[in-house]
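Notes for the structure review
Below, each chain spelled out in residue letters.
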Amino acid sequence: MRGQWIPFDKDAINQILGHPLVLEEGQRYENSQRRSQALGFDEEAISQLLCVSGQDFAWSVAGRRVRIMRTSMTTFT
């Protein structure tokens, strides 16, 4: 791929994936919404499986689950 221009804008990604994202006027893209709606992605089950008892995902300032901190994960994880 050396010397080749590879676009990474939203239109190029949608074209490659074949699932164009259509937003309503004024609507913003919310990755957490799309991720939660994806088939088989259950954040609660993932949290229970990977986290130490009483721990959970780290939350963004907007109130969304963003990641599980390493210190919150079980030894096995």
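Residues numbered from 1 in each chain as written. Predicted model: local features only at pLDDT ≥ 70, side-chain atom pairs only at ≥ 80, totals over all residues. Heavy atoms only, no water.

Here we look at the overall build of the chain
Along the chain, the regular secondary structure elements total three helices and two strands. Seen in sequence order, the chain has helices and strands lined up from the N terminus as α-α-α-β-β. Once local pairs closer than 6 in sequence are excluded, the contacts in the chain between residues at least 24 apart make up 14%. When the accessible surface of the chain is split by element, carbon and sulfur atoms take 55% of a total near 7,100 Å². (Helix = DSSP H or I, 4+ residues; strand = E, 2+ residues; numbered from the N terminus. Contact = heavy atoms within 4.5 Å. Areas by Shrake-Rupley, 256 points an atom, 1.4 Å probe, with all protein chains shown as cover.)

A closer look at the confidence of the model for the chain
On average, residues of the chain score 78 in pLDDT, and 81% of them are at 70 or above. Taken element by element, the predicted model of the chain shows its lowest mean pLDDT in helix H2 (residues 31–37) (57) and its highest in strand E1 (residues 58–59) (89). (pLDDT = per-residue confidence, 0-100.)

Thoughts on the pattern of salt bridges
Under the counting rule described, the total for this entry stands at three salt bridges. Among the salt bridges present, the one from Arg65 reaches Glu43, with a minimum N-O distance of 3.8 Å. Residue Arg65 is located in strand E2 (residues 65–67), and its partner Glu43 is located in helix H3 (residues 43–50); the two are separated by 22 residues in the primary sequence. Using a relative accessible area of 14% as the deciding quantity, one classes Glu43 as buried. Each member of the salt-bridge network shares a partner with another, and the members are Glu43, Glu44, Asp56 and Arg65. (Salt bridge = Lys/Arg side-chain N within 4 Å of Asp/Glu carboxyl O. Buried < 20%, exposed > 50% of the residue type's maximum accessible area, 1.4 Å probe, protein only.)

A few points about the environment of Lys10
Following the sequence through the fold, Lys10 ends up in helix H1 (residues 10–17). As a C-alpha pair, Lys10 and Leu21 span 11 residues in sequence and 8.8 Å in three-dimensional space.

Things to note about the side chain of Arg65
Residue classification places Arg65 among the buried residues on the basis of a relative accessible area of 12%. There is a polar contact of 3.0 Å between the side chain of Arg65 and the side chain of Glu44. Of note is the side chain of Arg65, whose polar atom sits 3.2 Å from the side chain of Asp56. (Polar contact = N/O pair within 3.5 Å; in protein donor to acceptor, adjacent residues only side chain to side chain.)

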